[in-house]
Structures are given as C-alpha cells and as structure tokens.
Amino acid sequence: MKLTRIKGFSDVLPGEVETWQRIEDAAERVFAGYNFKEIRIPVLEKAELFSRSLGESTDVIEKEMYTFADRDAKATLLSLRPEGTAGVVRAYGEGQLHQAEPVRKLYYLGPMFRRERPQKGRLRQFHQIGAEVFGRTDPFIDAELLLLLRDLWEELGVAGTVLEVNSIGCAQCRPGYRAALVAFLEGHREELCADCDRRLERNPLRVLDCKRESCAGIVTAAPSIRSHLCAECRDHFDTVLGLLKELRPEPVVNERLARGLDYYCRTTFEWKAGEGLGSQNTVAAGGRYDGLVQSLGGPPVAGVGFALGVERLALLLSTDEAGGPAAPLLYLAWMGEEAQRWTFALAHRLRRRGLRVDLEGESRSLKSQMRRADKLGAGAVLIVGPDEMTNGKALIRDMATREQTEVDFADVDNTLVSLRERADQVSG
RNA sequence: GUGAGUGUAGCUCAAUUGGUUAGAGCACUGGACUGUGGCUCCAGGGGUUGAGGGUUCAAGUCCCUUCACUCACCCCA
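Every residue gets a number counted from 1 within its own chain, in the order that chain's sequence is written. Here the convention is simple: chains get letters from A, ligands get numbers from 1, in the order in which they are written. Only residues with pLDDT of 70 or above have their local features reported here, since the model is predicted, and side-chain atom pairs are shown and tallied only from 80 upward, although totals for entire chains, interfaces and linings are computed over all residues. Only heavy atoms go into the side-chain values, all of them from the structure, while hydrogens and water stay out.

Structural notes on the protein's contact with RNA strand B
Turning to step 1, where the next piece is worked out: Proximity criterion: a residue is near a molecule or strand once any of its heavy atoms comes within 4 Å of it. Neighbouring residues of RNA strand B: 50 residues in total, closest Arg117, Arg122, Arg199, Lys375 and Met399.
Turning to step 2, where the next piece is worked out: When the atoms of RNA strand B within 4 Å of the protein are grouped by moiety, sugar and phosphate amount to 54% of the total.
Turning to step 3, where the next piece is worked out: In the environment of RNA strand B, a base oxygen lies 2.4 Å from a nitrogen or oxygen atom belonging to the side chain of arginine 117.
Turning to step 4, where the next piece is worked out: By the criterion applied in these results, polar contacts are pairs of N or O atoms within 3.5 Å in which, for protein atoms, one can donate a hydrogen and the other can accept it, and in which residues neighboring in sequence qualify only through two side-chain atoms. At 2.8 Å, a side-chain N or O of glutamine 128 approaches a sugar or linking oxygen of RNA strand B.
Turning to step 5, where the next piece is worked out: It is helix H14 (residues 366-375) that provides the largest number of residues to the surface near RNA strand B, a total of seven residues.
Turning to step 6, where the next piece is worked out: Residues were grouped as follows: Ala, Val, Leu, Ile, Met, Phe, Trp, Tyr, Cys and Pro as nonpolar; Asp, Glu, Lys and Arg as charged; and all remaining residues, including Gly, as polar. A per-class count over the surface near RNA strand B returns 14 nonpolar, twelve polar and 24 charged. Only DSSP runs of H or I covering at least 4 residues are called helices, and only runs of E covering at least 2 are called strands; the numbering of each starts at the N terminus.

Encoded structure:
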C-alpha cells in the first residue's frame, strides 16, 4: 500500500472495535447512574482557547498541538483539540448554561490530538472519555467522581488499578509552597538531572515525580505540600479522603503527584494500571479547576473533572476478549439463479423484521456455503436450490443439532422469525 | 525532540560460512463427498525478502542511505 495511515493515527478494526463499544456502553451506563448528561463539542477550536486554559508554557501548547491558519482573511489560528476540558468549559460559558442551572454534570467522548512520538498507550490521535462538573465547590463531588470511575472499572472487570490522590493547593496557598519548594531545590541544583533543572524553571512541582533515583532521593527531603495547604484546602482534602475510605482499593496519598496542565488546583488524582500498559500507565486522571471557567470569560463557577484514555483502557481489556453476544446469524444458502433471487428478497423481508441475515452474492457450491455458514457462526441455515424452487418448500437446518425440516414457502418467513424468538428466550 | 531495537506470504516464523527456482504452520480457495459445516487427506492461489544504492561470479544474508513500525526518555489520558 502506497497510501498508508499517518504516524500515530490508527485504525480500530473489527475484532478490536467491540472492546471500544463495550467501554463506551459501560461508560454511558455508569454516567447515567450519576446523572451526567452528554455534551458534544467541536474537534477544532481557536488555538487561543487552549493556550489560555492549559498554560502557555506547557509542552502540549508549545510543541504538541496541531495548529494551522484558517482560510479566512484574518488567518485565524485553529487547533485540533489536545484535550476536552477547555472546549467543554467554553461551551458551558458560551451557552450560558449557568443561567438556567448552575450545577452541570457533563461527559464527552471522542478523539484528541497531540503530536507526540507514539509509543505503547500513546497515539497522536487518541480518544478520551471525560467528565466535567460545574458549580460544585464541595468535596463530595470530588469523591463522587472517583467513585464513578471505580464503578466503571468494576463494570468492565478491570482489576489491579491503583488510585493516587493529592491536593496541590489553591491560588492562596500554592504560591507559598512553590516558593518553599524552589528554594529547597535551588540548594540541590547541581545534583538534579538535566530534565529537572529545566523543570525547576517551568513547573517545579514536576521535579517531585521525576523517575530518576537521584532526583527521587533529593525530593524525599523536600518540603511537603500537605503542611503548606491553607485551612480550607486541608479541610477539603481531608473530607475527600474520608469519603473514599470505603473505596477498594483504598487510595494512596501521593504528595509528589503533580499535574502537567496549569488549570488544576486542590484535588488531583491519577488512576494507574498495575500491569499491561508499559510506562504510560495512567488510565484516568483529573482534578479540580476552580478558576478556569472565569479565566476563560465565563461565570465564576468551580469545576472538577477527569479524562480517561480509551486506548489505554482497551489495552487492559483486550486480554479477556469477551465479545458482546450478537444476535445469531441466519445464513441463506442458495443454488441457481432462481433461488438466488428468491433468497435475496427473503433476506430483505427478514432483516426488516429484525433478524440478522446474510447470503452469498455469487454462485458457490453448497459445501462451501455450509463451510462459510459454520465459520460465520450461523445458528441456522436455510437451503434453497432448484429442487426446492419446484416443490415450493425450503430446508431449514439447525447448525447445532444438524436437524433439517422442510417448510412451505408460504410459512418460511414466520417460521424463521419464531425460531429466532425461541432462541432468544433460551439464551436470554 | 533524544535514544535503542525490529523489518521475509494476510498472521506467526524458517532459510547452513553469502550459493540452485525464498520454505513451513495457521488462514484463504477448491477437491476427495456432481446438494450439506466442524475432523482427516490432497491440491491450489498468494512474496519487488520495507525501499534505494553499493561490494561480489553470486546478497534475504555483508556495507551505506532512507522509510516504516516498536519500546523507552521527554511529556501526558
């Protein structure tokens, strides 16, 4: 093939797509139980929306966004969305959603785009399922989101995940902590790795979760975020932890858990996979972003949310490939042009009555048609050849029992429909 | 953006120190059974050995370039 997909963009082929459907179905069920409503937002937005919300100097903005000039006279810069929160926040403010009802629980799913080097669990077009809650400042909603995710894992049969939580403070207390942390790290500057030296300037909290042992050693002695939280932030975090007590597995407080995007405050969390994901092992992550809506020109309402990576979740599920139980297939085997035309019309009638039906388009031996029926997993095969056409009777073969019965053409439709209904009752 | 690894049939893999016409299993198609599936047996189709160049009497094999993929770093869901 000369025309191939572009790097980091992948096809989801039949066989794998069932896993995605399972994830999406489960997510929709769980969201419904928590009274979330779906929102659908554009894939393309003004570039400014993302630079204002994610932070000008984040890697996502600086080097990972697909940004290009529109064809209008002003050549407006547009970007393929690298994440979902900014767009949802924009829609919430623009649609004046807070006027009618300030508290909104929204979810979305769809493709996101970041031009990174692909690796396991990371593509340039990847898919997220996300949730955003507006107008709730209380810690109960933070906990509710985490319980929702836990329910989703349970619904999907995902095991071995670990929840890490932290509080990174608010606009009042974080600057103080940041200053204390920077002061501490400055004292160890020579011992830090080159990456951390850069982090110190750009996002000092990121030094805390450096993977290098040398840096991790230094960081153990660093000032603790928890001791720098203001009274309100500490109360909020303690309440969240208290509400999560019954969560299995119990969350791990990780004071070194930072966030890459600028808009987060207070509660942050990451849900990590135990095995099967390689180094990109965060399945879902999120946190609180109380000032974001207002900073984008919306009303002063609080926000909390998360996003989960569908590809990563699919990697965790693909091992136990329990495909959804599709309706049993009825296969129509025909021989001769007359029978072909007759079965073609029959197939259409049966499909309109809800049956799953298939048949060949070109003449093949009955043997090969039977082989195909078997391979396709047909529950029953209808056989019509020249003999049946002259007799006005068709053969129905039950593939499991190998029993065949003869049915008048006049009764074929109803017989097949009731056969299917009986099969549904047995399996359902 | 940085580093490492891997490219042979649709898939998983062979091919001796460089040596004839690049093989096998699975899958696919057909037949054994002129109108009946799973098992078995037989046969068949399918390859620019990722691409381009070089060395050599001779390259899947050695060298160079390039492309693709994979993993890790960075970053992040």
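Comments concerning the packing of aromatic side chains
The geometry of an aromatic ring pair is captured by the separation of the ring centres together with the interplanar angle, meaning the angle of the planes.
Turning to step 1, where the next piece is worked out: Only rings of Phe, Tyr and Trp enter the pairing, Trp through its six-membered ring, and a pair is recorded when the two centres are within 6.5 Å. The plane angle decides the type: under 30 degrees is stacked, over 60 is edge-to-face, the rest tilted. On inspection of all chains with the given rule, the structure shows eleven aromatic pairs.
Turning to step 2, where the next piece is worked out: Aromatic side chains phenylalanine 31 and tyrosine 107 sit 4.3 Å apart centroid to centroid with 10° between the ring planes, which places their arrangement in the stacked category. A residue pair is termed long-range when its members are at least 10 positions apart, and phenylalanine 31 in helix H1 (residues 17-33) and tyrosine 107 in strand E5 (residues 104-113) qualify at 76 residues.
Turning to step 3, where the next piece is worked out: Measuring from ring centre to ring centre gives 6.4 Å for phenylalanine 31 and phenylalanine 306, while their planes differ by 10°; the resulting arrangement is stacked. Taken together, the residues phenylalanine 31 in helix H1 and phenylalanine 306 in strand E11 (residues 303-309) connect sequence positions 275 residues apart.
Turning to step 4, where the next piece is worked out: Each residue is placed in one exposure class: buried if its accessible area under a 1.4 Å probe, protein chains only, is under 20% of its type's maximum, exposed if it is over 50%, and partly exposed if it falls in between. You can call phenylalanine 306 buried: its relative accessible area is 2%.

Regarding the packing of H1 against helix H6 (residues 139-156)
Turning to step 1, where the next piece is worked out: To define axes, lines are fitted to C-alpha atoms, for helices over the stretch in contact only, and angles between the resulting N-to-C directions are given on a 0 to 180 degree scale. Running from N to C, H1 and H6 point in directions that differ by 135°, and their axes come no closer than 10 Å. With respect to H6, the element H1 is oriented oblique. Considering only the axes of H1 and H6, their crossing is right-handed. Together, Arg22, Ile23, Ala26, Ala27, Arg29, Val30 and Phe31 of H1 and Leu148, Asp151, Leu152, Glu155 and Leu156 of H6 make up the contact between the two elements.
Turning to step 2, where the next piece is worked out: Class assignment for the residues of the contact of H1 with H6 results in eight nonpolar, no polar and four charged. When describing relative orientation, an angle under 35 degrees is termed roughly parallel and one over 145 degrees roughly antiparallel, while 65 to 115 degrees is termed roughly perpendicular and anything else oblique. Note on convention: the crossing is left-handed when the near helix lies turned anticlockwise from the far helix by less than a right angle, right-handed when the turn is clockwise. Two residues form a contact once any of their heavy atoms are found within 4.5 Å.

Structural notes on the pairing of strand E12 (residues 329-334)
Turning to step 1, where the next piece is worked out: Across the six residues of E12, six count as buried, placing the element largely inside the fold.
Turning to step 2, where the next piece is worked out: Going residue by residue along E12, you find Leu329, Tyr331 and Ala333 tucked away on one face and Leu330, Leu332 and Trp334 tucked away on the opposite face as well.
Turning to step 3, where the next piece is worked out: Pairing between two strands is assigned when DSSP locates at least 2 bridges connecting them. Where E12 and strand E13 (residues 356-359) come together, four bridges link them in parallel fashion. Along E13, the bridge assignment pairs leucine 330 with valine 357.

Points about the sheet that holds strand E1 (residues 37-38)
Turning to step 1, where the next piece is worked out: The eight strands are arranged E1-E5-E6-E11-E10-E9-E7-E8 in an open sheet whose pairing can be described as mixed. Edge positions in the sheet fall to E1 and strand E8 (252-253), since each has one partner strand and no second.
Turning to step 2, where the next piece is worked out: As defined by bridge partners, strand E7 (residues 162-167) adjoins strand E9 (residues 265-272) across six bridges and the pair is classed as antiparallel. Looking across to E9, one finds that serine 167 is bridged to threonine 267.
Turning to step 3, where the next piece is worked out: In the packing of H6 onto the sheet, contacts are made with E5, strand E6 (125-134), E7, E9, strand E10 (282-288) and E11, and the angle to E11 comes to roughly 20°.

A few points about the nonpolar core
Turning to step 1, where the next piece is worked out: By size, the foremost hydrophobic cluster in this structure holds 50 residues, and its most contacted members are Phe134 and Leu192.
Turning to step 2, where the next piece is worked out: Contact partners of leucine 192, with chain neighbours within four places excluded, come to Leu185, Leu200, Val207, Cys215 and Ile218.
Turning to step 3, where the next piece is worked out: With 43 residues, the next largest nonpolar core counts Phe237, Leu247, Ala284 and Leu308 among its residues. Buried residues of nine kinds, namely Ala, Val, Leu, Ile, Met, Phe, Trp, Tyr and Cys, make up a nonpolar core once their side-chain atoms join them within 4.5 Å.

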